[in-house]
Amino acid sequence: MENTNNALIEVKNVSKIFGKKGNTNQVLTDCDLIINKGEFVSLMGASGSGKSTLLYLIGGLDRDFTGSIVIDGEDIAKKAMKEKRLTEIRLNKMGFIFQFYNLVMNLNVEDNILLPQTVKGKSKSSLKAQLDEILEITGLTEKRKAMPNTLSGGQQQRVAIARAMIGNPDIILADEPTGNLDAKSTTEIMQLFKRVNKEKGITILQVTHSEECAEYGTRIVRLVDGKMA
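Notes on the structure follow. Just so it is clear, the structure is predicted and the values come from calculations on it, not from any experiment. (Residues numbered from 1 in each chain as written. Predicted model: local features only at pLDDT ≥ 70, side-chain atom pairs only at ≥ 80, totals over all residues. Heavy atoms only, no water.)

1. A word on the pairing of strand β1 (residues 7-20)
Selection criterion: Pairing between strands is defined by DSSP: at least two bridges between them are needed. The way it works is that DSSP assigns letters per residue, a run of H or I at least four long becomes a helix, a run of E at least two long becomes a strand, and they are numbered from the N terminus.
Pairing of β1 with strand β2 (residues 23-36), which is carried by ten bridges, proceeds in the antiparallel orientation. Across the sheet, the residue bridging to Phe18 is Asn25, located in β2. Where β1 folds back onto β2 in an antiparallel hairpin, the turn is made up of two residues, including Gly22, whose phi is positive at roughly 90 degrees. Two strands pair when backbone bridges link them, and β1 and strand β4 (residues 66-71) are joined in this way by five bridges, in the antiparallel orientation. In the sheet register, Val11 faces β4, and the bridge partner there is Ile69.

Here it is as structure tokens:
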């Protein structure tokens, strides 16, 4: 199904319950959210409000929910889409960034960045021009052969951002991307997100508890007690 409107992410009446009968916790209740192509949306809410849960549902990392989540015209709900197609969408349309950098410690910077694409069977040589550009954008050109344990937290998060960008995704989903960083690194990472959003046109959805970080987005959305405020 081709997407004819400008909406890249459409969340409709999404509810999410954790637990089994008698011991359940409703984290999301009838959530609706539309994110258009090219937006940089900051999703905010108190701890336990369901913001990370919603991000994981949008990323297809958890499909146990009611309602529908449509990514670029395709409903990713379990009843609507096979796992194989969801895997293709995650590989080709999405980049993920987490609070913990999730780097492979025995691979250098460029090999960490290239990992999702080499897993897909692409050769390093075919990715060279793209890698060089991403290293320049993320300020990692001088560090391309460095090992993760020689990098600061901010530099490691830049590697994670570069890795999320390497496949030219339509969407970057970021869960508290500056949660482990000092103030200076946080500012640098948020400026980097803004640059990626503007120059590359990549749609960004970030979960954050920081008003300061949220302000870098083009729009702030708030979750209160599992519902959109």
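2. Some details on helix α5 (residues 153-165)
Working note: α-helix, 3.6 residues per turn, so residues spaced by three or four point in the same direction. Counted only if it meets this: Here the expected length of a helix is defined as 1.5 Å per residue gap, with one fewer gap than residues. Whether a residue is buried, partly exposed or exposed follows from its accessible area with a 1.4 Å probe, protein chains only, as a fraction of its type maximum: under 20%, in between, or over 50%, in that order. By definition in these notes, contact holds between two residues if any of their heavy atoms fall within 4.5 Å.
A rise of 1.5 Å per residue sets the reference length of α5, with its 13 residues, at 18 Å; its end C-alpha atoms lie 19 Å apart and thus fit the reference within 8%. With eleven of its 13 residues buried, α5 lies for the most part within the structure. All of the buried residues along α5 are Gly154, Gln156, Gln157, Arg158, Val159, Ala160, Ile161, Ala162, Arg163, Ala164 and Met165. Elements that come into contact with the buried residues of α5 comprise β6 (94-97), α3 (109-119), α4 (128-137), β7 (171-175) and α6 (183-200).

3. Description of unusual backbone geometry
Look at Asp30: it is not a glycine, yet its phi comes out positive at around 45 degrees. If you trace the backbone, Asp30 turns up in strand β2. For Asn168, which is not glycine, the phi torsion reads 55 degrees and is therefore positive. Relative to the helices and strands, Asn168 resides in the loop between α5 and β7. Judged by relative accessible area, which is 46%, Asn168 ranks as partly exposed.

4. Digging into the pattern of salt bridges
Here is the rule we go by: Salt bridges are defined as contacts in which a side-chain nitrogen from Lys or Arg sits within 4 Å of a carboxyl oxygen from Asp or Glu.
For the coordinates displayed, the defined rule picks out 20 salt bridges. Across the salt bridge formed by Arg219 and Glu39, the nearest N and O atoms sit 2.9 Å from each other. Of this pair, Arg219 sits in strand β9 (residues 219-224) while Glu39 sits in the loop between β2 and β3 (40-45); the two residues are 180 residues apart in sequence, bridging distant segments of the chain. On the accessibility criterion, Arg219 (29% relative accessible area) is partly exposed.

5. So, the packing of aromatic side chains
The condition is simple: Stacked, tilted and edge-to-face are the three classes applied to pairs of Phe, Tyr and Trp rings, where Trp contributes its six-membered ring and a pair requires centres within 6.5 Å; stacked means planes under 30 degrees apart, edge-to-face means over 60, and tilted covers the rest. Lysine and arginine charges are scored as sitting over a ring when NZ or CZ, respectively, is within 6 Å of the ring centre and within 35 degrees of the ring normal.
According to the stated counting rule, one finds three aromatic pairs in the structure shown. With 6.1 Å between their ring centres and 85 degrees between their planes, Tyr56 and Phe98 make a pair best called edge-to-face. Here Tyr56 is found in helix α1 (residues 51-58), whereas its partner Phe98 is found in the loop between β6 and α3, with 42 residues between them in sequence. Owing to a relative accessible area of 23%, Phe98 belongs among the partly exposed residues under this scheme. Where Phe96 meets Phe98, the ring centres are 6.2 Å apart and the plane angle is 5 degrees; that geometry is what we call stacked. Linked through ring pairs, Tyr56, Phe96 and Phe98 together constitute an aromatic cluster. The residue whose ring lies beneath Lys16 is Phe18, and the NZ or CZ to ring-centre distance is 4.6 Å.

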